[in-house]
Amino acid sequence: MSLQNQFGKDVLLTGWGHSKFGKLTDQTLESLIVQVSAEAIQNSGLEPRDIDEIYLGQFNSGMQPLGFTSSLALQLSQDLANVPATRTENACASGSAAFQQGVKSVLAGTARNVLVIGAEKMTDAGADVVGAALLGASYEMAGKASTTGFTGLFAEVAKHYEKRYGAGIRGSGIEGSGFARGLGDVLGSIAAKNHHNGMDNPYAQMHRDFGEEFCRTVSEKNPMVAEPLRRTDCSPVSDGAAAVVLSVGPASGAATEPVRLAGFGHANGFFPAERRDPTEFAATRVSWERALGMAGIGIEGLDFAEVHDCFTIAELLMYESMGLTPRGEGSRAVQEGWVYKDGKLPVNVSGGLKAKGHPVGATGVSQHVIAAMQLTGTAGAMQLPNARRGAVQNMGGVGIANYVSILESI
Ligand code: COA
């Protein structure tokens, strides 16, 4: 199966751009959007006049006063006048929502070239405003006071998981042996892996190779944020943007070979926590099944994956949602080395949200850009040998809005 078989045409990623992620005091939301849009269009070999449609993924939710941002990319060029532009919002998956809307425009034949942008400027607002804005993605906590913010919601996931599965390796002997010596160590290993990987990513917010011991230990420099999640179990608060051009065919003059979209999946789960099992991302699993099914492959057909590690417990559950391990055994993927750079399925070679940063609306598009770099041999120090097919997974809320893309080299 392929998009060609199913829809009679391919969707190609023909150009992309990526800003540095971090606290970008000399940039605005507008300047970030214009910067990455210019890079993406230039690298695709196209001109602004060739763009038929624009999708911008941005969450905002009160972090920026401007609540109407779809037209900001038009600031790039007079030639973008009258191009239809729409902002997509699906919490932390707003970027992938923009990507998949762009894909559907190309497949529908209403656009030949779509500019997809993901952007977020979080650090202009104070911590209280950011915390309240992020909690806007929670059915139960939106508008309510909280001392632990979104971290508190994933801390609940970790507690439920630990109660049911211990460290997440059935029959290992450390099952049920308590967070500090079991699951906490596994999560610390995931944090250390992603921080180590992030050292090779020039766009990453955090270039700090903290090491396993630091990430596994509560300390003055690594305090508990929401028990049992420590600071190193959390993605940071970030600014940044990324963009990609989707096209129905290759353009001459592109900076690299294009990358082909082999499959995509989207599934939303029920919003109230009481309607979900807290120990699995059930709708995320469906989005994986849809994307892999469309691509006609199994998980073993992937050479790498960029997944949504907004908190380390999310990456652990993702190993189970994507079918890398059975439920309750996700820790095997870390302990047996599968998800390291030299493992059988490297996960978050970019450093993930954990080290790269998580400007929420930008994240999904950033993941696609990083994957496209891997698949065209242009990922620099992050480059994996023989990266021919990879997955991108992006999630809004606690497993609520779920998107997976399968990308492949041509
Ligand atoms: N991981 C590792 N180190 C981090 C970090 C993170 N996520 N966030 C900040 N740091 C480091 C800083 O670099 C700084 O180091 P230094 O003292 O050596 O210079 C130190 O911690 C203090 O930085 P500060 O910004 O004051 O931290 P903070 O305690 O205010 O914020 C968190 C840390 C984890 C609470 C904050 O990043 C957070 O809320 N993250 C979650 C965001 C979120 O919920 N996103 C949505 C996910 S769905």
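None of the values given here were measured: they were computed from a predicted structure.

Caption draft 1: Examining the site of the ligand more closely. The environment of the ligand is formed by 15 residues, the closest being F150, R231, C234, P236 and C310. Counting only elements with at least two residues in the shell around the ligand, the list comes to α4 (127–135) and α5 (149–165). Per-element tally for the shell around the ligand: the top contributor is α5, with three residues. Taken together, the residues that form the shell around the ligand break down as nine nonpolar, five polar and one charged.

Caption draft 2: Inspection of the domain arrangement of the protein at higher detail. Each assigned domain of the protein is listed here: domain 1 (1–133 + 236–410) and domain 2 (134–233). Each of domain 1 and domain 2 has a C-alpha centre, and the two are 23 Å apart. The partner domain 2 presents 42 residues to the 49 residues of domain 1 that form the contact. Elements with a minimum of two residues in the side of domain 1 that touches domain 2: α4, α9 (312–321), α10 (331–335) and α11 (352–356).

Caption draft 3: Layout of the packing of helix α6 (residues 183–198) against α9. Contact geometry for α6 and α9: axes closest at 9 Å, N-to-C directions at 95 degrees. Taken as axis vectors, α6 and α9 run roughly perpendicular relative to one another. Between α6, through V186, L187, I190 and A191, and α9, the contact on the second element is made entirely by T312, I313, E315 and L316.

Caption draft 4: Highlighting the nonpolar core. In this structure, I33, L115, V116, I117, F154, A243 and V244 are the most contacted members of the largest nonpolar core, which totals 127 residues. Looking at which element gives the most residues to this core, the answer is helix α12 (residues 360–375), with nine residues. In this structure V116 touches Y55, A98, F99, G102, A243, V244, L246 and V365, once residues within four positions along its chain are discounted.

Caption draft 5: The environment of M318, seen in detail. In this fold, M318 is placed in helix α9. For M318, a count of 26 C-beta atoms within 10 Å translates into the label buried. Along the chain, M318 and V307 lie 11 residues apart, while their C-alpha atoms are 7.5 Å from each other. Residues in contact with M318, not counting those within four places in the same chain, are V307, H308 and Q393.

Caption draft 6: Summary view of the environment of H308. Tracing the chain through its elements places H308 in the loop between β9 (304–306) and α9. Overall, the presence of 30 C-beta atoms within 10 Å leaves H308 in the buried class. The sequence separation of H308 and M395 amounts to 87 residues, and the corresponding C-alpha distance is 6.2 Å. Residue contacts for H308: discarding those within four places in its chain leaves A314, M318, L353, Q393, N394 and M395.

Parameters and conventions
- Residues numbered from 1 in each chain as written.
- Predicted model: local features only at pLDDT ≥ 70, side-chain atom pairs only at ≥ 80, totals over all residues.
- Near = placed C-beta within 6 Å.
- Helix = DSSP H or I, 4+ residues; strand = E, 2+ residues; numbered from the N terminus.
- Nonpolar A, V, L, I, M, F, W, Y, C, P; charged D, E, K, R; others polar.
- Domains from an automatic or database assignment.
- Contact = placed C-beta atoms within 7 Å.
- Axes fitted to C-alpha atoms, helices over the stretch in contact; angles between N-to-C directions.
- Parallel < 35°, antiparallel > 145°, perpendicular 65-115°, else oblique.
- Core = buried A, V, L, I, M, F, W, Y, C linked by C-beta atoms within 7 Å.
- Buried ≥ 20, exposed ≤ 12 C-beta atoms within 10 Å, placed from the backbone.

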